[in-house]
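Chain by chain, the residues run as shown.
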Amino acid sequence: MNTHSNARRLVYLDHSATTPVRAEVLAAMLPYFADKFGNPSSIHSWGREARVAVDAAREQIASAIGANPQEIIFTSGGTEADNLAIRGVAQSLKDKGNHLITSQIEHHAVLNTFQDLAKQGFKVTYVPCDEYGMIDPDDVRKAITDETILISIMHGQNEVGTIQPVEEIGKIARERNIIFHSDAVQSLGKIPVNVDAMGVDLLTISSHKIYGPKGVGALYVRKGTKIKPQVTGGIHERRLRAGTENVPGIVGFGEACRLAQQEMPEESKRLRELRDRLINGILNTIPDTVLNGHPEKRLPHNANISVKYVEGEAILLNLDLFGIGASSGSACTSGSLEPSHVLLAMKIPHETAHGSLRMTLGRSNTKEDIDYVLEVLPPIVEKLRAMSVFGN
Amino acid sequence: MYNEKVMDHFMNPRNVGEIENPDGVGLVGNPVCGDVMKITIKVKDGRIEDIKFKTFGCGAAIATSSMVTELVKGKTLDEALEISNKTVAEALEGLPPQKMHCSNLAADAVHMAIKDYYEKTGKVQVAEEGIHE
């Protein structure tokens, strides 16, 4: 943090990557590290104390997504929950069929899991999206065969923020009696997430995106849905995920869920206003900038803008020196030679995809933060464009 | 991620721009991978009298472009041809491993500009093998 040579304030705009643990959550967790350290599986008072805490958190989380507490399986995070859902169904139903459906714009936790299953002999259909990063439920319907055993389509897209029509896809899945999984890691706490309204059988959620601790997440498993455990051992979590529960993490996740659910209507409205101030401010003051993702059907905290003729990492490094933390879909920041698979699926040209800038807002952000970004960004872009081969 | 030297060349790049009526032009890279560099040179008495760069790319792409212009300015064409991408990375005191291949092309752009100069002027190229590392 000693590199902010030009910073006049610190503005964290990467809440889709992770969030800080909020004070109330940390306070709820603290007793469960040393004082109340029991193993929830133990029969004695220490164990019972921990069991009560885990069950209370399970209820808080279930309540946030309209589920029954018994349908919540704790995991080490969103990635593990995605793996448990997808591999769990594929292995459990492989005698019924070998066809799986997902989309081209899923998070890598989902995408790479399907790619691995494809190597193991499953047939996978990756449905496309439109220019706004939106999946057409009709494409999902058309992809279904007699062999289809699982559909996995995310709720809120993590890079461009587009909210997917999961309710319609849920209906289609139900009509055809196919298991439906959705990754709701980015939408939880931002927009209503309800397992019955969405028509999901499996739903992935994560703690550290909603001001809870890292290292804990959950998979909602609708009663009667058969999945094969991926971590075997003791009889924890209805035998679906062995291992002593991360008690402080689970307690923190529960409290984070409770607070998110309570504050969502007001906080989402506040974030949406700030986000629109940021998006409109950039589009109106910097020429040759375009909004990526759907203009209306998008997560309230997500702004994703392509700045033409410049590369994303170069913008991020400059912003960082001004104390602003953001992310990009450029190849340089993805660690590969290709820019974001999501922007490419949206048919955004490579050059424009490399100049994408994702800013995801959160609780700490104020109007002053946004105005600071709007003041700092234009001269950065101007400087980089003056250096660029393209544009002028 | 980047060391101080790289950040200095990235934030305060040397010799940015494009020479009018250049004696040689080198363009390398590919917008698909996100790095494109253009080098223009002015040659006088077998030396690079002036050099400028324009780059679309990440921090490493911009820093290597800036560094290569500093390294070859005033050098003879033969000396400039001896400067490789590796020399540039070393002069910057190292680059992150993932940047060594995709964003470290600045010396190639200089070599291409010199080749372009030889082709335009019809002069004999002395160090043919020096062009490709």
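What you are looking at is a predicted structure, and each value in this text was computed from that prediction instead of being measured. Residue positions are counted from 1 within each chain, in the order its sequence is given. The lettering of chains begins at A and the numbering of ligands begins at 1, in the order of writing. Residues qualify for local features only when their pLDDT is at least 70, as the model is predicted, and side-chain atom pairs are given and counted only at 80 or more; totals for whole chains, interfaces and linings, by contrast, use all residues. Water and hydrogen atoms play no part in the side-chain values, which are based on all heavy atoms of the structure.

Draft legend 1. The arrangement of the overall build of chain B in detail. Regarding its fold elements, chain B presents six helices and three strands. Atoms counted for the radius of gyration: C-alpha only. Globule rule: 2.2 Å times the number of residues to the power 0.38. Here the C-alpha radius of gyration of chain B, 14 Å, is about what a compact globule of 133 residues would show, namely 14 Å. With respect to the three principal axes, the spread of C-alpha positions in chain B is 45 × 30 × 30 Å. By residue count, 53% of the 133 residues in chain B fall in the buried class. Throughout, a contact is declared for two residues whenever any of their heavy atoms are within 4.5 Å. Within chain B, contacts between residues at least 6 apart in sequence are counted, and of these 59% link residues at least 24 apart. Put simply, DSSP marks the helices as runs of H or I at least four residues long and the strands as runs of E at least two long, and each gets a number from the N terminus on. Between buried and exposed lies partly exposed: a residue is buried under 20% and exposed over 50% of the maximum accessible area for its type, with that area taken using a 1.4 Å probe on protein chains only.

Draft legend 2. Here's a closer look at the overall build of chain A. From N to C terminus, chain A includes 13 helices and 12 strands. C-alpha extents for chain A along the principal axes are approximately 70 × 55 × 35 Å. Here chain A, with 392 residues, has 59% of them falling under the buried criterion. Taking contacts inside chain A between residues at least 6 apart in sequence as the whole, the part at least 24 apart equals 72%. In chain A, which carries 42 positive and 46 negative side-chain charges, the distance between the mean positions of the two groups comes to 4 Å. Counted as positive: Lys and Arg. Counted as negative: Asp and Glu. His and the chain ends are not counted at all. For this purpose, a charge sits on NZ of Lys, CZ of Arg, CG of Asp or CD of Glu.

Draft legend 3. Here's a closer look at helix α13 (residues 367–387) of chain A. An ideal rise of 1.5 Å per residue puts 30 Å on 21 residues; α13(A) measures up with 31 Å between its terminal C-alpha atoms. Looking only at α13(A), the buried set comprises A:D369, A:I370, A:Y372, A:V373, A:L374, A:V376, A:L377, A:I380, A:V381, A:L384, A:R385 and A:M387. Expected helix span is taken as 1.5 Å per residue step, with the number of steps being one fewer than the number of residues.

Draft legend 4. Geometry of the pattern of salt bridges. Residues and elements named next belong to chain A. Salt bridges are counted wherever a side-chain nitrogen of Lys or Arg sits within 4 Å of a carboxyl oxygen of Asp or Glu. In this structure the tally under the stated criterion is 30 salt bridges over all chains. The partner of D14 in a salt bridge is R358, and the shortest N-O contact between them spans 3.1 Å. Within this pair, whereas D14 is found in the loop between β1 (11–12) and α1 (23–29), its partner R358 is found in strand β12 (residues 356–360), the two being separated by 344 residues in sequence. Between R22 and E263 there is a salt bridge whose closest N-O contact spans 2.9 Å.

Draft legend 5. Focus on the domain arrangement of chain A. Residue and element names in this part refer to chain A. What fixes the domain bounds is an automatic or database domain assignment. When cut into domains, chain A gives domain 1 (11–20 + 264–387) and domain 2 (23–259). Computed from C-alpha coordinates alone, the two centres of domain 1 and domain 2 are separated by 28 Å. The interface of domain 1 with domain 2 comprises 28 residues on the first partner and 31 residues on the second. A quick way to say it: buried area is the sum, across both parts, of accessible area lost when two parts are put together, with a 1.4 Å probe. Interface area for domain 1 against domain 2, summed over the two sides, is near 2500 Å², with a carbon-plus-sulfur share of 57%. For domain 1, the biggest contributors to the area lost against domain 2 are M264, L299 and H341; these three give 24% of the whole. The tally of links between domain 1 and domain 2 comes to zero salt bridges. Two N or O atoms count as a polar contact when they lie within 3.5 Å, although within protein this holds only if one can serve as hydrogen donor and the other as acceptor, and sequence-adjacent residues are included solely when both atoms are side-chain atoms. Counting across the domain 1 and domain 2 interface gives 19 residue pairs in polar contact (both at pLDDT 80 or more). If you list the elements that add at least two residues to the side of domain 1 that touches domain 2, you get α8 (247–285), β10 (302–307) and α11 (341–345). For the side of domain 1 that touches domain 2, the per-class residue count stands at 10 nonpolar, 14 polar and four charged. In this count, Pro and Cys sit with the nonpolar residues alongside Ala, Val, Leu, Ile, Met, Phe, Trp and Tyr, while Asp, Glu, Lys and Arg are called charged and the others, Gly among them, polar.

Draft legend 6. Spotlight on unusual backbone geometry. Phi is positive for A:N177, which is not a glycine, with a value near 60°. Inspection of the secondary structure assignment puts A:N177 in the loop between α6 (166–175) and β6 (179–183). Of note, B:D45 is a non-glycine position whose phi angle comes to about 50°, a positive value. Here B:D45 shows up in the loop between β2 (35–44) and β3 (47–56).

Draft legend 7. Molecular detail of the interface of chain A and chain B. Listed per partner, the contact involves 24 residues of chain A and 27 residues of chain B. Of the roughly 1900 Å² buried between chain A and chain B, counting both surfaces, carbon and sulfur atoms make up 71%. Across the pair B:K99 and A:E313 runs a salt bridge whose closest N-O atoms are separated by 2.6 Å. At the surface where chain A touches chain B, the tally comes to eight residue pairs in polar contact (both at pLDDT 80 or more). The set of elements that each furnish at least two residues to the side of chain A that touches chain B consists of α9 (312–321), α10 (331–334), α12 (350–354) and α13 of chain A. In terms of residue count, α9(A) provides more of the side of chain A that touches chain B than any other element does, five residues in total. A class-by-class count of the residues in the side of chain A that touches chain B yields 14 nonpolar, five polar and five charged.

Draft legend 8. Examining helix α6 (residues 106–121) of chain B more closely. Residues and elements named next belong to chain B. Given a rise of 1.5 Å per residue, 16 residues ought to cover 22 Å, and the 23 Å separating the end C-alpha atoms of α6 matches this to within 8%. For α6, the set of buried residues is A106, A107, A109, V110, H111, A113, I114, D116, Y117 and Y118. Those residues of α6 that are buried lie in contact with β1 (24–30), β2, β3, α2 (59–72), α3 (77–81) and α4 (85–91). G122 occupies a position one or two residues after α6 and carries a positive phi of about 70°.

Draft legend 9. Molecular detail of a nonpolar patch on the surface. Patch membership requires more than 30% relative accessible area and the absence of a salt bridge. Residues of like charge join within 9 Å; the nonpolar side chains Val, Leu, Ile, Met, Phe, Trp and Tyr join within 5 Å. Accessibility throughout is a Shrake-Rupley quantity obtained with a 1.4 Å probe, and a residue counts as covered only by protein chains that appear here. Taken together, the side chains of A:V21, A:L26, A:L30 and A:F33 define a hydrophobic patch exposed on the protein surface, amounting to about 370 Å² of accessible area. Residue A:L26 is classed as partly exposed on the basis of its relative accessible area, which comes to 41%.

Draft legend 10. Expanded view of the pairing of strand β5 (residues 148–152) of chain A. Residue and element names in this part refer to chain A. Across the five residues that make up β5, a large majority, five, are buried. Sheet topology places β5 next to β6; three bridges connect them, and they run parallel. Along β6, the bridge assignment pairs L150 with I179. In this view, the connection linking β5 to its parallel neighbour β6 by way of α6 has right-handed handedness. At least two DSSP bridges between two strands are needed for those strands to be called paired. Think of it like this: strands point away, you trace from the first strand over the helix to the second, and a clockwise trace means the crossover is right-handed.

Draft legend 11. View of the packing of helix α2 (residues 45–65) of chain A against α8(A). All names here are of chain A. The N-to-C vectors of α2 and α8 enclose an angle of 30°; their axes lie 8 Å apart at closest approach. Considering the relative orientation of α2 and α8, their crossing is left-handed. Residues A50, A53, V54, A57, Q60, I61, S63 and A64 of α2 form the contact with α8, whose participating residues are V247, I250, V251, F253, G254, E255, C257, R258 and Q261. Residue composition of the contact of α2 with α8, by class: 11 nonpolar, four polar and two charged. Whenever a helix is involved, its axis is fitted only over the stretch in contact; in every case the axis is a line through C-alpha atoms, and angles between N-to-C directions fall within 0 to 180 degrees. The crossing is said to be left-handed when, going from far helix to near helix, the turn is anticlockwise and less than a right angle, and right-handed when the turn is clockwise.

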